[in-house]
Amino acid sequence: QVQLVESGGGMVQAGGSLRLSCAASGRTFSTYAMGWFRQAPGREREFVAAIIRTGGSTDYADSVKGRFTISRDNAKNTVYLQMNSLKPEDTAVYYCAVRRAATQLSSRSGEYHYWGQGTQVTVSS
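Now for a look at the structure at hand. (Residues numbered from 1 in each chain as written. Predicted model: local features only at pLDDT ≥ 70, side-chain atom pairs only at ≥ 80, totals over all residues. Heavy atoms only, no water.)

Remarks on the overall build of the protein
- Within the protein, the secondary structure is distributed over zero helices and 11 strands.
- Scanning the protein from its N terminus toward the C terminus, one meets helices and strands in the order β-β-β-β-β-β-β-β-β-β-β.
- Compactness check: the protein gives a C-alpha radius of gyration of 13 Å against a globular reference of 14 Å for 125 residues, within 12% of the reference.
- In terms of its C-alpha atoms, the protein occupies a principal-axis envelope of roughly 40 × 25 × 25 Å. (Helix = DSSP H or I, 4+ residues; strand = E, 2+ residues; numbered from the N terminus. Rg over C-alpha atoms; globule rule 2.2 N^0.38 Å.)

A few points about the state of the cysteines
- One pass over the structure, following the stated rule, counts one disulfide.
- Linked covalently through their sulfurs, C22 and C96 form a disulfide whose S-S length is 1.9 Å. Since a negative S-S torsion denotes a left-handed disulfide, the C22-C96 link at about 50° is right-handed. Highlighted residues: C22 in strand β3 (residues 18-24) and C96 in strand β9 (residues 92-99), separated in sequence by 74 residues. (Disulfide = S-S within 2.5 Å.)

Describing the side chain of T119
- Here T119 is to be found in strand β11 (residues 119-124).
- Given a relative accessible area of 11%, T119 falls into the buried group.
- Only 3.3 Å separates the side chain of T119 from the backbone nitrogen of G9, close enough to count as a polar contact.
- When near neighbours in sequence (up to four residues on either side) are disregarded, T119 contacts E6, S7, G8, G9, L20, A92, V93 and Y94. (Buried < 20%, exposed > 50% of the residue type's maximum accessible area, 1.4 Å probe, protein only. Polar contact = N/O pair within 3.5 Å; in protein donor to acceptor, adjacent residues only side chain to side chain. Contact = heavy atoms within 4.5 Å.)

Describing the packing of aromatic side chains
- Within the structure shown, the criterion is met by four aromatic pairs.
- For the pair F37 and F47, a centre-to-centre distance of 5.7 Å together with 70° between the ring planes defines the contact as edge-to-face. Residue F37 is found in strand β4 (residues 33-39), and its partner F47 is found in strand β5 (residues 46-51); the two are separated by 10 residues along the sequence.
- With relative accessibility at 12%, the residue F47 sits in the buried group.
- With a centroid separation of 6.2 Å and 55° between ring planes, the pair formed by Y112 and W115 is classed as tilted.
- Overall, the relative accessible area of 7% leaves Y112 in the buried class.
- Accessibility expressed as a relative area gives 27% for W115, which makes it partly exposed.
- Aromatic ring contacts, followed pair by pair, group F37, F47, Y112 and W115 into a single cluster. (Phe/Tyr/Trp six-rings, centres within 6.5 Å; stacked < 30°, edge-to-face > 60°.)

Here's the deal with the nonpolar core
- Ranked by internal contacts, the top residues of the largest apolar core, which has 36 residues, are L4, M34, W36, L81, M83 and Y94.
- Mapped by element, the contributors of at least two residues to this core are β3, β4, β5, β7 (68-73), β8 (78-83), β9 and β11. (Core = buried A, V, L, I, M, F, W, Y, C linked by side-chain atoms within 4.5 Å.)

Shown next, in the form of structure tokens:
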């Protein structure tokens with residue numbers, strides 16, 4: 001079992017920035033691919049970004065490309081999501097997720113094995 005704890009959410013004005021963190025338990029973090037997803041009220045959970053175990057390859061949803069950056073620090077068992085130029089439509093609960101023994105990126109939530117509890121991001125206009 002992997003425990004994930006997200007932090008860094010909050011309220012920000014449009015155009016502002018936030019940095020989300022997700023800390024994972026255990027000693028095998030460097031073997032996991034990681035992802036960020038989000039869910040707005042009344043909408044399905046959607047893919048935001050993913051990163052492979054080494055951090056050498058990433059993927060983004062079209063809606064966040066050029067504004068969000070996913071990164072990881074395997075020494076700290078932590079994955080980050082830097083969010084710049086935030087828009088009101090970015091308002092959602094953001095979740096990090098683990099994909100075990102994965103060597104490729106995935107945007108499919110069903111391919112992730114463990115999830116955090118989520119952190120709220122609210123962007124006001």
